[in-house]
Protein chains: 4
Amino acid sequence: MPGNSFGTLFRYTTWGESHGPAIGCVIDGVPPNIPLAEADLQQWLDKRRPGQSRFTTQRKEPDLVQIQSGVFEGHTTGTPIGLVIENQDQRSKDYSDIKDLFRPGHADYAYWKKYGNRDYRGGGRASARETAMRVAAGGVARAVLARDFGDALTVKAAMVKLGPLRIDPANWDWAAVDDNAFWCPDPKAVPLWERFLDAVRKEGSSAGAVIEVRAMGVPAGLGEPVYDKIDADIARALMSINAVKAVEIGDGFAGAAVSGEDAHDAMRIVEGEVAFDTNRAGGSLGGITTGQDIVARFAVKPTSSLLTPQRTVTVDKQETTVVTKGRHDPCVGIRAVPVAEAMLACVLADHWLRHKAQCG
Amino acid sequence: MPGNSFGTLFRYTTWGESHGPAIGCVIDGVPPNIPLAEADLQQWLDKRRPGQSRFTTQRKEPDLVQIQSGVFEGHTTGTPIGLVIENQDQRSKDYSDIKDLFRPGHADYAYWKKYGNRDYRGGGRASARETAMRVAAGGVARAVLARDFGDALTVKAAMVKLGPLRIDPANWDWAAVDDNAFWCPDPKAVPLWERFLDAVRKEGSSAGAVIEVRAMGVPAGLGEPVYDKIDADIARALMSINAVKAVEIGDGFAGAAVSGEDAHDAMRIVEGEVAFDTNRAGGSLGGITTGQDIVARFAVKPTSSLLTPQRTVTVDKQETTVVTKGRHDPCVGIRAVPVAEAMLACVLADHWLRHKAQCG
Amino acid sequence: MPGNSFGTLFRYTTWGESHGPAIGCVIDGVPPNIPLAEADLQQWLDKRRPGQSRFTTQRKEPDLVQIQSGVFEGHTTGTPIGLVIENQDQRSKDYSDIKDLFRPGHADYAYWKKYGNRDYRGGGRASARETAMRVAAGGVARAVLARDFGDALTVKAAMVKLGPLRIDPANWDWAAVDDNAFWCPDPKAVPLWERFLDAVRKEGSSAGAVIEVRAMGVPAGLGEPVYDKIDADIARALMSINAVKAVEIGDGFAGAAVSGEDAHDAMRIVEGEVAFDTNRAGGSLGGITTGQDIVARFAVKPTSSLLTPQRTVTVDKQETTVVTKGRHDPCVGIRAVPVAEAMLACVLADHWLRHKAQCG
Amino acid sequence: MPGNSFGTLFRYTTWGESHGPAIGCVIDGVPPNIPLAEADLQQWLDKRRPGQSRFTTQRKEPDLVQIQSGVFEGHTTGTPIGLVIENQDQRSKDYSDIKDLFRPGHADYAYWKKYGNRDYRGGGRASARETAMRVAAGGVARAVLARDFGDALTVKAAMVKLGPLRIDPANWDWAAVDDNAFWCPDPKAVPLWERFLDAVRKEGSSAGAVIEVRAMGVPAGLGEPVYDKIDADIARALMSINAVKAVEIGDGFAGAAVSGEDAHDAMRIVEGEVAFDTNRAGGSLGGITTGQDIVARFAVKPTSSLLTPQRTVTVDKQETTVVTKGRHDPCVGIRAVPVAEAMLACVLADHWLRHKAQCG
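Thresholds, definitions, all that
Residues numbered from 1 in each chain as written. Chains lettered and ligands numbered in written order. Predicted model: local features only at pLDDT ≥ 70, side-chain atom pairs only at ≥ 80, totals over all residues. Heavy atoms only, no water. Helix = DSSP H or I, 4+ residues; strand = E, 2+ residues; numbered from the N terminus. Rg over C-alpha atoms; globule rule 2.2 N^0.38 Å. Buried < 20%, exposed > 50% of the residue type's maximum accessible area, 1.4 Å probe, protein only. Pairing = 2+ DSSP bridges. Least-squares fit on C-alpha atoms with pLDDT ≥ 70 in both. Contact = heavy atoms within 4.5 Å. Polar contact = N/O pair within 3.5 Å; in protein donor to acceptor, adjacent residues only side chain to side chain. Salt bridge = Lys/Arg side-chain N within 4 Å of Asp/Glu carboxyl O. Nonpolar A, V, L, I, M, F, W, Y, C, P; charged D, E, K, R; others polar. Axes fitted to C-alpha atoms, helices over the stretch in contact; angles between N-to-C directions. Buried area = accessible area lost by both parts, 1.4 Å probe. 1 Å grid on protein atoms, 1.4 Å probe; cavity = no way out; pocket = protein on both sides within 12 Å on 5 of 7 lines; lining within 4 Å. Points joined across faces, edges and corners; volume = space filled by probe spheres on them. Parallel < 35°, antiparallel > 145°, perpendicular 65-115°, else oblique. Left-handed = near helix turned anticlockwise from the far one by under 90°. Expected span 1.5 Å × (residues − 1). Bend = angle between axes of the 7 residues up to and from the residue. Phe/Tyr/Trp six-rings, centres within 6.5 Å; stacked < 30°, edge-to-face > 60°. Lys NZ or Arg CZ within 6 Å of the ring centre and 35° of its normal. pLDDT = per-residue confidence, 0-100.

## A few points about the overall build of chain A
Inference 1: In terms of helices and strands, chain A carries seven helices and 18 strands.
Inference 2: Its C-alpha atoms give chain A a radius of gyration of 21 Å, near enough to 21 Å, the size a compact globule of 360 residues would have.
Inference 3: Counting only C-alpha atoms, chain A reaches 70 × 50 × 35 Å along its principal axes.
Inference 4: Relative to its full complement of 360 residues, chain A shows a buried share of 69%.

So, in structure tokens, the structure goes:
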């Protein structure tokens, strides 16, 4: 299979370039008779939309999603859902001066080596613009999950580290996440982060981030050993997001340093049901959900578009330097927050359907 | 698709439980006319085989692989390669006293919730025994890569952290890796690691590990954006290994903390060819290989089988404690080293065939 | 995987209903750097377009295809090609009187039973309108094949039987196929067919058809035993077209009645190359192409939309009769001709890429 | 994906050559907790086993299937089921004189062109021996269907035409099918068929056949438009069987010759439920089952192994003749009967799981 589809039963395929006429998505396998309207998707797209604060790219894209098929009289029909977003603010001219060179840390060189051509308009297919369609698909995934789990199952992400600045987990407040430009769950960290990222932005530099995404209310039993373990699919899903270079689940890397006695979650009976003392496993054992919260974290590297000249080479193998003047995000991690929620929702919707098929 | 297959074009499917009569694998999509004998696979299986030092389980398994199909007159035919290893040392009785309870940190509870049944014989399908077949498949993947790249492409892993003990990267010596029980690349760390793991073993405890796996000589252009990026497939592959809870590529988590200027690999021309100053990206940009070394690390949590009693529950929802008396590894990370090599080899063989199909 | 995608490496996914705002298609896996413009696809769509003669539906659809992604500066980039056709002549009101009943022989009842809902607007997803996107995808498949085979590989279909009226194979003239409304290769049959179908049309009845589709210049070696044999994939591809109920390859059903001596194609050497005396196998042996012409035939049942009242039932389980007043084709087989060419082109492009991956 | 797997959720992969040490199969995605024993599979294998009458090959193969994994304490566990049959009567020497030439109508030449090698031992992978594993997988599929439908859903095939000799449908008697060597449902045809096939056999010739396979008690709603229509998957499944060159469903080719009024199944209400007057559609509309019997027919060409010398060529491009002296079936159609049942059972089990996932 080619690489632009995600999921096995809840399966979507995206298309479109940063500076083409439109981007789009087909979602196949959606169960029928689920209420769905464009507004259900737009609410999530609005979270990802650029230009909402001074910390994201100033490109103006309303990102209005249109449902073209698969929904009739307000409900899914079971046939493929076609989604389209027209690109508005394309300004291809911004990119003419990078047409013949490769930006370090960007996908330019790798695409050139793979495909033997160059869509220099803002990264083309490699642009983070593609993630708008992930968010739309995630909205459909949430509707699928809501049909069977209502409000009991939620998927939510927050930025837990901006550049070198970590939150204090003791301050974690989900209610605060939507109240700042960073999706930061620690209100005390926000002013510091603002000062830090303002400085980064003014220098024309960029910063990385670590984001934590959780799913609460997930039923036990999701995941398909031994290669489509829930951990493996979450890792693939998050690692496929632009600029992501690391993923961990539960205690992750830290969990490898402790002794066996401190590495696992003891079990007990609480009100007649199985419960766990801790959640070091991050919600899965043997690649299958246990009913505990799914907890994953991932690292986003700093944007590769910088005002400081960087040494690079041209398509003609000449050395040169590059300064990126286009509109870019000082921290792409910010907009990765709603994308991560969408990807986890898609993984869960897919595994829920897979589980029903075999074990339902 | 169900979950026991890996790969798209170089695709293998494994079957078998820890304590059944045999385990096996079918590898489909292997190019024809490649020299292949059982010895080519056995050399890798011998690296993973238990009982080679006091630091791995004392279960005696010769793990002799038999090629049942797909090879004729010493060469692959292009038809599916069937592999079988007969289980020898099954001792199912060791497991009778854990038949009705769930070991914390083990897959017992999750399988019970998913499938509604219990194969208590040593973990059944969730046992690390399944990884023998990954190693065998990896041997075939190496043969596929060797056909086109000869010795120029190599895949090699090493343990870089045992429990809390890190190697000193300055001491890295590939030649040392095969000379110690840990696949440790830092000869100076080995005596310390031996003392540490001996203590862990004698206490009936266990330790985690971090392993680094590299591929050298990989051509530029492998990876299929935007969901089957090489990073995403490596993450899925490594996270699917038993007890793995974290994966990073290149600078990984650390790379999110630095500034944009320090996060990317400047490019220059050396002897007429594109070269990079550094390898922070770990060999891929935009999810496509660049020709630099692929560098990935992953964390293995400590074995959940412990001599210290652990609090847990029974299938009848009674609280109890468990002590695991079976033969187990004090650090499963040791045997994960050849498994990681195999998984990366399989990812590369698969993406090489995918790349040839579209861009060859 | 859900059911709206076709192909393994050259893989397309269609979306859209007969009476929604648009229909579309994403084609993933297309090799890069192949010349492609909308006109290359439009030429095939124009063959399938309704309303070109009195023998097809009078619905007016210009069927103008727009390429939304995957093509840059006149060439494919290797990224997914998004195609959209806006629906123009939807007239949903035509269908209001069949809203609550099931048309015999139509997909209404089956969709109702499967999905528990009803898109009564002209058949919704089950409408033959979806085949426009197959034709567009087929245009891309032809471009892929043309890159490697130029004009040497051609795919062409013709109607060989209209209702009970067969052509005389001795009169076969490919040049005549485009000169009549039926894609009939026997010029002598055309006047008879016109009279026959005029009568059918005036009675408000409908007729079936048998269509033959051939591929010439196909290299030997395409097909993936044992389940994705070229015969199996052709059968699936043609049987997936609306109203198709039978497929045969080479001598097909007739070949089962002859003796072994008359069933196979003797081989000889002609100018130093292997040649066959006959082509009873229809171009494949063991599910792999031999280099001979691929020859397949398929049967299209008569349209289920009729002016004669037919007995049927309502969604409320009441007996009733139905007369279809919408604009329909007296013989849907006519428009199935370009669709069959497209499907065979897609099968061949897909298998060509698959073959290159494993054996190239 | 490579070609040796069948199914999407109920998915099996076969391996093994005619003259290797064993053949095998992995079935992944089987629901857990279904009773399953080797005897459940053996009963179907015994129907396909060679050497049961003078009309099938005299090769002696007990075809004893061993379940190697996926079943514990008499029930499926949900993990992959590994099946192995050891080859007993291999006699490779029989094939030495055809080592360097291509048998007309056989897969020899096509495999040579595709893979560039030659497993001349009885056809290797192209041998009908592979179908033993289809039958075993079909046994598992039947167990899956029986869990939810009990005896209400049955799959049964019969030979309706032997060479040029057709049954009289008026004599159809399912009870007679198991009482003759041909699986013929018309007891009056049997003596004639015996005389005919005895003559064919004594001449060293061969005969084709047409087989009808039906599924009764299938729920409405199975099939995944628009490419995985139930008709399309049945066509693929049957066309993938060795020597099959045609497939039709319901009225098939004959249905294309009648008028629209005679082509469809009128609907009415019988005892409060929807019923059909006829079953011209063969159980599906729009590619989805309607609850009527599924009725499919397929044509098997005569065996290509003949005692009459046939003109052919060698691998060195010399003209020669070939006489096949190995043990072969005068009519491979006989043994295709249980294979067809198995394939249809697998299609139904797969679509049942797919349907439950999306619409259950």
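## Some thoughts on the pairing of strand E18 (residues 319-322) of chain B
Residue and element names in this part refer to chain B.
Inference 1: Sheet analysis places strand E17 (residues 310-313) next to E18, joined by four bridges and oriented antiparallel. By the bridge assignment, arginine 311 is partnered in E18 with threonine 321.
Inference 2: Hairpin connection of E17 to E18: five residues between the antiparallel strands, including lysine 317 at a positive phi of 65°.

## Let's talk about the relation of the copies chain A and chain D
Inference 1: In the superposition of chain A on chain D (RMSD 0.0 Å, axial shift 0.0 Å), the rotation amounts to 180°. What we have between these two chains is a two-fold relation. Minimal C-alpha distance to the rotation axis in chain A is attained by alanine 357 of chain A, lying at 2.2 Å.
Inference 2: Taken together, the interface assignments show that 100% of the residues at the interface of chain A recur at the interface of chain D, consistent with an identical surface on both copies.

## Topic: the relation of the copies chain B and chain A
Superposition of the two copies of the chain requires a rotation about an axis and a shift along the axis.
Inference 1: Of the transformation superimposing chain B on chain A, the axial component is 0.0 Å and the angular component is 180°, with the fit at an RMSD of 0.0 Å.
Inference 2: Both copies contact each other with a shared surface, as 100% of the interface residues of chain B are interface residues in chain A too.

## Thoughts on the side chain of threonine 79 of chain C
Inference 1: Of note, threonine 79 of chain C is situated in the loop between strand E6 (75-76) and strand E7 (81-86).
Inference 2: On the basis of relative accessibility, which here comes to 6%, the residue threonine 79 of chain C falls in the buried class.
Inference 3: Among the polar contacts listed, one links the side chain of threonine 79 of chain C to the side chain of threonine 77 of chain C, at a separation of 2.7 Å.
Inference 4: If we ignore the near neighbours within four places in the chain, the residues touching threonine 79 of chain C are Glu17, Tyr111 and Arg125 of chain A together with Gly70 of chain C.

## A closer look at the interface of chain B and chain A
Interface extent is often summarised as the accessible area lost during association of the parts.
Inference 1: Facing the 106 residues of chain B at the interface are 106 residues of chain A.
Inference 2: Across the pair lysine 245 of chain B and aspartate 231 of chain A runs a salt bridge, and its minimum N-O distance is 2.8 Å.
Inference 3: Inspection of the chain B/chain A interface yields 57 residue pairs in polar contact (both at pLDDT 80 or more).
Inference 4: For the side of chain B that touches chain A, the per-class residue count stands at 47 nonpolar, 34 polar and 25 charged.
Inference 5: Two strands pair when backbone bridges link them, and strand E11 (residues 244-249) of chain A and strand E11 (residues 244-249) of chain B are joined in this way by three bridges, in the antiparallel orientation. Residue pairing across strands places valine 247 of chain A opposite valine 247 of chain B, the latter belonging to E11 of chain B.

## Focus on the sheet that holds E7 of chain C
Residue and element names in this part refer to chain C.
Inference 1: Pairing within the open sheet is antiparallel, and its five strands lie in the order E1-E2-E3-E7-E4. Whereas interior strands pair on both sides, the edge strands pair on one side only; in this sheet they are strand E1 (5-6) and strand E4 (65-67).
Inference 2: Two elements, E4 and E7, share three bridges in a ladder whose sense is antiparallel. Counterpart to glutamine 66 in the pairing with E7 is valine 84.

## Concerning the sheet that holds strand E7 (residues 81-86) of chain A
Residue and element names in this part refer to chain A.
Inference 1: The five strands are arranged E1-E2-E3-E7-E4 in an open sheet whose pairing can be described as antiparallel. At either margin of the open sheet sits one strand with a lone partner, and together these are strand E1 (5-6) and strand E4 (65-67).
Inference 2: Against the sheet, helix H1 (residues 38-48) makes contact with E4 and E7, and its axis sits at roughly 155° relative to E4, the strand it touches most.

## Some points on the interface of chain A and chain D
Inference 1: Between chain A and chain D, the residue contacts involve 13 residues of the former and 13 residues of the latter.
Inference 2: Roughly 1,000 Å² is buried in total at the junction of chain A and chain D, and carbon and sulfur atoms are behind 54% of that figure.
Inference 3: When the buried area of chain A at its contact with chain D is split by residue, Lys356, Ala357 and Gln358 of chain A rank highest and sum to 47% of it.
Inference 4: Where chain A packs against chain D, one counts zero salt bridges.

## Things to note about the pattern of salt bridges
Pairs can form between side chains of opposite charge once their charged atoms are near each other.
Inference 1: The full count for this structure, using the stated rule, is 93 salt bridges over all chains.
Inference 2: Aspartate 178 of chain B is paired through a salt bridge with lysine 156 of chain B; the nearest N and O atoms lie 3.6 Å apart. Here aspartate 178 of chain B is found in the loop between strand E9 (165-166) and helix H4 (189-202), whereas its partner lysine 156 of chain B is found in strand E8 (residues 154-162), with 22 residues between them in sequence.
Inference 3: Close ionic contact of arginine 268 of chain C with aspartate 277 of chain C constitutes a salt bridge, the shortest N to O distance being 2.2 Å.
Inference 4: The exposure class of aspartate 277 of chain C is partly exposed, given its relative accessible area of 33%.
Inference 5: In the salt-bridge network here, residues are joined through shared partners; they are Glu212, Arg214, Glu248 and Arg297 of chain A.

## Quick word on the layout of surface pockets
Inference 1: Its boundaries defined by the atoms lining it, the largest pocket holds a volume of some 1,000 Å³.
Inference 2: Lining the largest pocket are 33 residues, with Phe253 of chain A together with Glu248, Asp251, Phe253 and Ala254 of chain B positioned closest to its centre.
Inference 3: Looking at the lining of the largest pocket, the elements with two or more residues in it are strand E8 (154-162), strand E10 (209-216) and helix H6 (252-255) of chain A together with E8, strand E10 (209-216), helix H6 (252-255) and strand E16 (294-300) of chain B.
Inference 4: Split by residue class, the lining of the largest pocket holds 15 nonpolar, three polar and 15 charged.
Inference 5: Lining the second largest pocket are 31 residues, and of these Glu248, Phe253 and Ala254 of chain C together with Glu248 and Phe253 of chain D lie nearest its centre.
Inference 6: Secondary-structure elements contributing two or more residues to the lining of the second largest pocket are strand E8 (154-162), strand E10 (209-216), helix H6 (252-255) and strand E16 (294-300) of chain C together with strand E8 (154-162), strand E10 (209-216) and helix H6 (252-255) of chain D.

## A look at unusual backbone geometry
Outside of glycine, negative phi angles account for most residues, and trans bonds account for most peptide bonds.
Inference 1: Following proline 225 of chain A, the chain continues into valine 226 of chain A via a peptide bond in cis, with omega recorded as 0°.
Inference 2: As for its placement among the helices and strands, valine 226 of chain A is situated in the loop between E10 and helix H5 (230-239).
Inference 3: Even without being a glycine, glutamate 271 of chain C presents a positive backbone phi close to 50°.
Inference 4: Taking relative accessible area as the criterion, glutamate 271 of chain C reaches 80% and is therefore assigned exposed.

## What to know about the packing of helix H3 (residues 131-149) of chain A against helix H7 (residues 333-359) of chain A
For any two helices packed against each other, the geometry is given by the interaxial angle and the distance between the axes.
Residue and element names in this part refer to chain A.
Inference 1: With their axes 7 Å apart at the nearest point, H3 and H7 run at an angle of 45° to one another. Judged on the interaxial angle alone, H7 and H3 are oblique. In this structure, the crossing between H3 and H7 has a hand that is left-handed. Between H3 and H7, the residues in contact are Thr131, Arg134, Val135, Ala137, Gly138, Ala141, Arg142, Val144, Leu145, Arg147, Asp148 and Phe149 and Pro338, Val339, Glu341, Ala342, Met343, Ala345, Cys346, Leu348, Ala349, Trp352 and Lys356, respectively.
Inference 2: Among the residues making up the contact of H3 with H7, the classes are represented as 15 nonpolar, two polar and six charged.

## A look at helix H7 (residues 333-359) of chain D
Working note: α-helix, 3.6 residues per turn, so residues spaced by three or four point in the same direction.
All names here are of chain D.
Inference 1: The first and last C-alpha atoms of H7 sit 37 Å apart over 27 residues, in line with the 39 Å expected at 1.5 Å per residue.
Inference 2: The largest bend along H7 reaches roughly 25° and is located at valine 339.
Inference 3: For H7, the tally of buried residues reaches 26 of 27 residues, placing the bulk of the element in the interior.

## Brief notes about the packing of aromatic side chains
For any two aromatic rings, the description comes down to two numbers: the centre-to-centre distance and the angle of the planes.
Inference 1: By the definition in use, this model includes 50 aromatic pairs over all chains.
Inference 2: Taken together, the aromatic side chains of Phe102, Tyr109 and Trp112 of chain A together with Phe276 of chain B make up a single cluster linked through ring pairs.
Inference 3: Over the face of the ring belonging to tryptophan 44 of chain B we find arginine 142 of chain B, whose NZ or CZ atom lies 3.6 Å from the ring centre.
Inference 4: Geometry around tryptophan 183 of chain C places lysine 47 of chain C over its ring, the cationic atom sitting 4.6 Å from the centre.

## Points about the environment of alanine 22 of chain D
Inference 1: Note that alanine 22 of chain D resides in strand E3 (residues 22-28).
Inference 2: C-alpha of alanine 22 of chain D to C-alpha of glutamine 88 of chain D: the two residues are 66 residues apart in sequence and 8.4 Å apart in space.
Inference 3: Excluding its chain neighbours within four sequence positions, the residues that come into contact with alanine 22 of chain D are Gln68 of chain B together with Trp15, Gly16, Glu17, Val84, Ile85, Glu86 and Asn87 of chain D.

## Quick notes on helix H5 (residues 230-239) of chain D
Inference 1: Most of H5 of chain D is tucked away: 10 of the 10 residues are buried.
Inference 2: Where H5 of chain D is concerned, the buried positions are Ile230, Asp231, Ala232, Asp233, Ile234, Ala235, Arg236, Ala237, Leu238 and Met239 of chain D.

## Section: the side chain of arginine 134 of chain D
Inference 1: As for its placement among the helices and strands, arginine 134 of chain D is situated in helix H3 (residues 131-149).
Inference 2: Exposure remark for arginine 134 of chain D: the relative accessible area of 0% places this residue in the buried category.

## What about the environment of tyrosine 95 of chain C?
All names here are of chain C.
Inference 1: Relative to the helices and strands, tyrosine 95 is located in the loop between E7 and helix H2 (108-115).
Inference 2: The class for tyrosine 95 is buried, based on a relative accessible area of 5%.
Inference 3: As for tyrosine 95 and lysine 325, which are separated by 230 residues in sequence, their C-alpha atoms are 8.2 Å apart.
Inference 4: Those residues in contact with tyrosine 95, other than ones at most four positions away along the chain, are His19, Tyr120, Arg121, Gly122 and His328.

## Looking at the confidence of the model for chain A
Inference 1: Taken residue by residue, chain A gives an average pLDDT of 94. The fraction at 70 or more is 98%.
Inference 2: Among the prediction metrics, the complex's ipTM stands at 0.97, with pTM recorded as 0.97.

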